[in-house]
Amino acid sequence: MQALRQEILPPSGVEFAACLKFTPSTLCNAGPSTSQSGRTLFNVITARASALRIFEVREEPAPIHVQKEDERDRRASVRKGTEAVEGEVEMDASGEGFVNMGSVKSTGQNGISHPATVTKLYLVREHRLHGIVTGMDAVRTVHSQEDKLDRLLVSFKDAKLALLEWSDAIHDVLTVSIHTYERAPQLMALDSPLFRAELRVDPLSRCAALSLPKDSLAILPFYQSQAELDLMEQELSQARDVPYSPSFILDLANDVDKRIRNVIDFTFLPGFNNPTVAVLCQYQQTWTGRLKEYKDTVGLFIFTLDLVTNNYPLITAVDGLPYDCFSLMPCSTAIGGVVILASNAILFVDQSSRRVILPVNGWPPRISDLPMPSLTPQEQLRNLQLEGSRFTFVDDKTLFLILKDGTVHPVELVLDGKTVSGFSMSDALARTTIPAIVKRVDDDYVFVGSMVGPSVLLRTAHVEEEIKEEDTEMGVGPATVIAPSEAMDLDDDEDLYGPSTKAEQPDANGVLNGAGDSVKTRTVVRLSMCDAIPAHGPISDMAFGLARNGDRVVPELIAATGSGELGGFHLFQRDMPTRSKRKLHAIGGGRGMWSLAVRQPVKVSGNTFERPANPYRAENDSVIISTDANPSPGLSRIATRSVHSDITITTRIPGTTLGAGAFFQGTAILHILFNVTNAIRVLDPDGTERQIIKDLEGNTPRPKIKSCSICDPFVLIIREDDTIGLFIGEIERGKIRRKDMSPMGDKTSRYIAGCFYTDTGGLFQTFANEQAPAENVTSTLQGAMNAGTRTHWLILARPQGVVEVWTLPKLTLAFSTTLLATLDPVLTDSFDSPALSLPQDPPRKPQELDIDQIVIAPLGESRPHPHLVVLLRSGQLAIYEAVVTTPPTEPLPSTRSLTLLVKFVKVVSKAFDIQHPEEEQKSVLAEQKRISRLLLPFVTSPAPGQTCSGVFFTGDRPSWILSTDKGGVRVFPSGHNVVHAFTTCSLWDSRGDFLLYSEEGPSLVEWIPDIQLDGHLPARSVPRSRPYSNVVFDVSTSLIVAASAFQNRFASYDEDGNIIWEPDSPNISFPSCECSTLELISPDGWITMDGYEFGPNELVNCIVSVPLETMSTESGMKDFIAVGTSINRGEDLAVKGAVYIFEIVEVVPDPSTNLKRWWRLKLLCRDDAKGPVSFLCGMNGYLVSSMGQKIYVRAFDLDERLVGVAFLDVGVYVTSLRAVKNLLVIGDAVKSVWFVAFQEDPYKLVILGKDPQHCCITRADLFFADGHLSLVTCDEEGIVRLYAYDPHDPESKSGQHLLRRTEFHGQSEYRSSLLVARRPKAGDPQIPQARLVCGSVDGSLSTLTYVDEAASKRLHLLQGQLIRTVQHVAALNPKAFRMVRNEYVSRPLSKGILDGNLLATFEELPIARQNEVTRQIGTDRTTILKDWASLVGAW
């Protein structure tokens, strides 16, 4: 069997991060952000497993939302002039008002106030790498002195280092070099896969170090100056343009000191002439049970790297540190030394071997012989656990310690002169996300990355405050901070006060201002939240449920995600979730709908006045124009809203409307109609005709208009013979006239697509040609007024593939390219003169690669950015981002007077499988069936204060094209079979409404509220502040049953029930164990209806919904909830378990809840087991359960007990059970996978086959399609294997051995998988194919899809071509990334599973490259793209 594995969702969260100046945008706008657009401060680059994302951190003017103005109007009770201004809060009761550090009005040096600013993150680029990232950091190379930009050094799991830089030419990352150490002798050991390579970089970028197994470091030195590079060139007598010198491997035990063994952590120290490394290691290994023999076994070794003489002198060696040290961080050069984090203490060690310790609980004196400081009574009560915590310095003396639950504690180094004498630790001051990495940026920002939830950017500000001595209230005043995302419990409504520096500062006389009070100051470190990167974290379990989008029921993936306080559910849907608000059958609109905002003029004593428009608040729509093809030649309607909110059709016009738009600044309607002839009409707001221009050649009508673009005051029409017409409105007359098009060439020139674009952000700037004859500039008053705000541009595509951008109103060619027709990655101005596109004889027929639709439209949320969206006739959709370029260095050719300083960079490419009917059919019936595929820009406001600009793609593959700040450009299917017409519509006073004409007719729809569009699937987050280990959806009641996991105190008891050990001090705590509760949750409002509490040491292993025999239903079967648990009794007593059977029963609802129906969990049966019940599943009306090393098949008797009917001795610990019909797949933690059949007469479990090799299976599934069957397993390393059961193969020993056919390295284990039915489009087979959806512990979601033999051969050859011929990010090897080392076979079993991440790059290649790659494997690009389009998709 052949299958395709593709990642639907990339790994979630942030495991590694680097903060640096990486992109050129961080260099310009160095001044304060007074400009409208703001400035880029720095880049944050994040990585999680194989996902790499580059963000910009921008400081922008704070938006003033409309609702804030409304709120101010409502607060009429506040005396005028005393209300809070932007960025300020009302004074609190004690008169202390604290200012929001996130949006404070800063004052310049001359007292000039700058506008309030906010700091936000924006995604620049996203990549899926063919490697697992294990570290990243910024380096400055020789070339950084030229362009002032940092480089990025990334380390990978297979001991590789890649040096990346930003390339402006491709507007993306470029690989400078890759350094591999995978063939080093240290990596040849058998246990090397268990090793985790760590990357560290010298503060002055003199070298980088990568840790290797066997206590070694790979050192990569960098040149620091051109002189070093020149010296190297002379020595090697060859030109070298690389910024690094040869790397080498340093064996610490042999080359530095033989005591350096078992490295825990290492870091470079600042302030030394040569790179200096501090290594934390455990030279004698020990553990908690061996502390009587070996304690304080950790040592710190500081040595210098002399890269010239290859000499490594040891500076300092400190031993006798606690055995549980795990992290190391250098102090600043002012203090020197390092801070070490242990599980129970914080330590400081300096170069003179001085050791200072701060215990944070009662354990350090018991496990260490280090001298402990005397603690105050308050400090003796402190009981913190530092496992999983992270820390960073915010200034020379203060560090923030973030515990594993996100609690932030400030710790200060207490100085005695210049030496550190102790630590001062304050109480918890804030709660942030659960940290995986903490990075300090400059002095102002701290980035906290999390693997299990959102990652946050915090801003720190140091403020000196004076306090009087009698002011003993050092309490924390309320600071105003930017509200965090609701997915995070960030209690940062506290100022983070640093420990007070009570330095008495009286003046010379000891008197200040005549008062004798001594003045003390304290440094207040204020922390405010700037922005967050959303993430869902690991997927612990998932189930498919049914969601109601209005009146439509759609499948929804319910995933239990997150950890600790960030736990909860994420709900994923395949299509964009919308709901219908009302049906509007009266208006029709099968050929088009336009909802327009036009203002009625006001008549006063015979004179007509325009009602003044509010410049800050756009008017709501007032008119809908719709058109249908029936009855021929079409019918158009003009409709308005009546008093009762219904729709009233005011005018009916025979003919088909081809386009409509508000004109003359919203005071008229421009209407383009076809009825025998083309007509361009100007209508008054009430629908009466003001002007009509008939499109005639003499007296004969011109060909029908096939498309048009309206952009006040310009109109473009394109006819079916590919000629165009251009009209301009004269606002003084209120009429339109034809515009002269002579600069564009012969008036018979042909054009196949075109549109207007209005640039409001000032991105489209031109560069004039000095040599060209100057043109007379626009001197009218209106032209001068509009010059600074908005510019109009005309985009035209000629039949031979030339795309041109022309200025308006003076038609001057500003941009010309031939690269768009082949979808090249970057489009730049070719500086050609206007192309010729004269008519051909016979008339030209449409080609597959013709441009069908082209549009430039803004995409984005808070900062919409212009994007070029193009659709080829073959169904290929490409989206390009407009990027500013530098003026050309060469003079422009004399044929061009100016050039547009913009290039277009491809960000998304997608192939739709689109069929075109025969073009000859021009009958009425063909016109009725015609599907119009249009790209329609829109701006919507789904919630107050939130706007989103996008493009909707109509037709038989309807899609939303959107862009978000943190997610970039996304294409989401709309969920309809076909959409004929689309428009935004605010006729019913909502700015989030859309009018759609789908297969269900015309309806008003809106997005489901609180939808998150940052990911690759639309998602909703349901924070529950606790993690869930299991989730199941009950189909009969549409309720969710989930097991929440939390930590409970654990105590051991002897056989008589006496407690064996309990804490003897308040700063010693009980150990903790996981325990579970069962919750019955209603998806409507996410209310917990009922629950069941298990024992304090009982943990739920699995929950399943199983059909079992019952006497309470007519069919004799009913769905029950079965739960398997483990009862943990400590290390001296064996683990037990239990099986519970619950029924969901309906009860009378509580009247106070306002719910019509209410449900409860009813416990029917509890069956104790002698071992842990690790897995359950249902099979033919029986319950299959594992208990220790046995499998039991049981019947549910009389709805009250389980009766065993068959059992089987299996491996060591069952991790997975999956049944289809009477076939059972068993996964084991040691004995790999077993294939078993169940027979009922007599009851018996028969072993069909098993894997002869040992392997730790986390999940095993049956995978079947087209009469083929395979077993799919995943192990704890993330390796996916396909097994075949074939008794006729001699290798299988008559079927006793399962045959291992394929091994594929998925790199991340999955413990939850769902089998869903897949029906290929071409004729639904009786038995659908299986598709496997897998949720991984790194948050990624992947699918395994069956591929038929012909397509798999093509795609396998294509995969080989892509590996060899495409440049991959960071120069990684996709083939080696997926290869599995197997000692039992001569060649890797790599055939059988195709890599979807690799094949997806084919879609992004330019068309010329696609043709070249497919020609080499004997096929064509259309066949490959059809294969790919039929396989991709979520489920």
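Computed from a predicted model, the values in this text were never measured in an experiment. (Residues numbered from 1 in each chain as written. Predicted model: local features only at pLDDT ≥ 70, side-chain atom pairs only at ≥ 80, totals over all residues. Heavy atoms only, no water.)

## A word on the sheet that holds strand β63 (residues 935–943)
Defined as follows: At least two DSSP bridges between two strands are needed for those strands to be called paired. Secondary structure elements are defined from DSSP: runs of H or I of at least 4 residues count as helices, runs of E of at least 2 residues count as strands, and each element is numbered from the N terminus. Axis angles are defined between N-to-C directions and span 0 to 180 degrees, where every axis is a line fitted to C-alpha atoms and, for a helix, only to the segment in contact.
Read from one edge of the open sheet, 4 strands run β63-β64-β65-β66, paired in antiparallel fashion. Two strands bound the open sheet, and with one partner strand each, they are β63 and β66 (968–973). For this sheet, the mean angle separating the axes of adjacent strands, direction not counted, is 30°. As defined by bridge partners, strand β65 (residues 959–964) adjoins β66 across 6 bridges and the pair is classed as antiparallel. Note on β66: the bridge partner recorded for Ser963 is Val969.

## Quick look at unusual backbone geometry
Note the cut-off: The classification of residues rests on relative accessible area computed with a 1.4 Å probe and restricted to protein chains. Under 20% of the type maximum is buried, over 50% is exposed, and intermediate values are partly exposed.
The residue after Leu808, namely Pro809, is reached through a cis peptide bond having omega 0°. Following the sequence through the fold, Pro809 ends up in the loop between β55 (803–807) and β56 (813–817). Its identity is not glycine, yet Asp215 carries a phi of approximately 55°, on the positive side. Tracing the backbone through its elements, the reader meets Asp215 in the loop between β11 (207–212) and β12 (216–221). Relative accessible area serves as the criterion here: at 17%, Asp215 is assigned to the buried category. For Asp1010, which is not glycine, the phi torsion reads 60° and is therefore positive. One can find Asp1010 in the loop between β69 (1001–1007) and β70 (1019–1023). For Asp1010, a relative accessible area of 68% gives the class exposed.

## A look at the pattern of salt bridges
Which entries qualify depends on this criterion: We define a salt bridge as a side-chain nitrogen of Lys or Arg found within 4 Å of a carboxyl oxygen belonging to Asp or Glu.
Scanning all chains against the criterion turns up 65 salt bridges. For Glu412, the salt bridge identified is with Lys397, shortest N-O distance 3.9 Å. Of this pair, Glu412 sits in strand β24 (residues 407–416) while Lys397 is found in the loop between β22 (390–393) and β23 (398–402), placing the two residues 15 residues apart along the sequence. Relative accessible area serves as the criterion here: at 10%, Glu412 is assigned to the buried category. Residue classification places Lys397 among the partly exposed positions, given a relative accessible area of 31%. Note that Glu1143 and Lys1118 form a salt bridge whose closest N and O atoms lie 2.2 Å from each other. Pair noted here: Glu1143 is in strand β77 (residues 1136–1147) and Lys1118 is in strand β76 (residues 1117–1127), with a separation of 25 residues, a long-range link.

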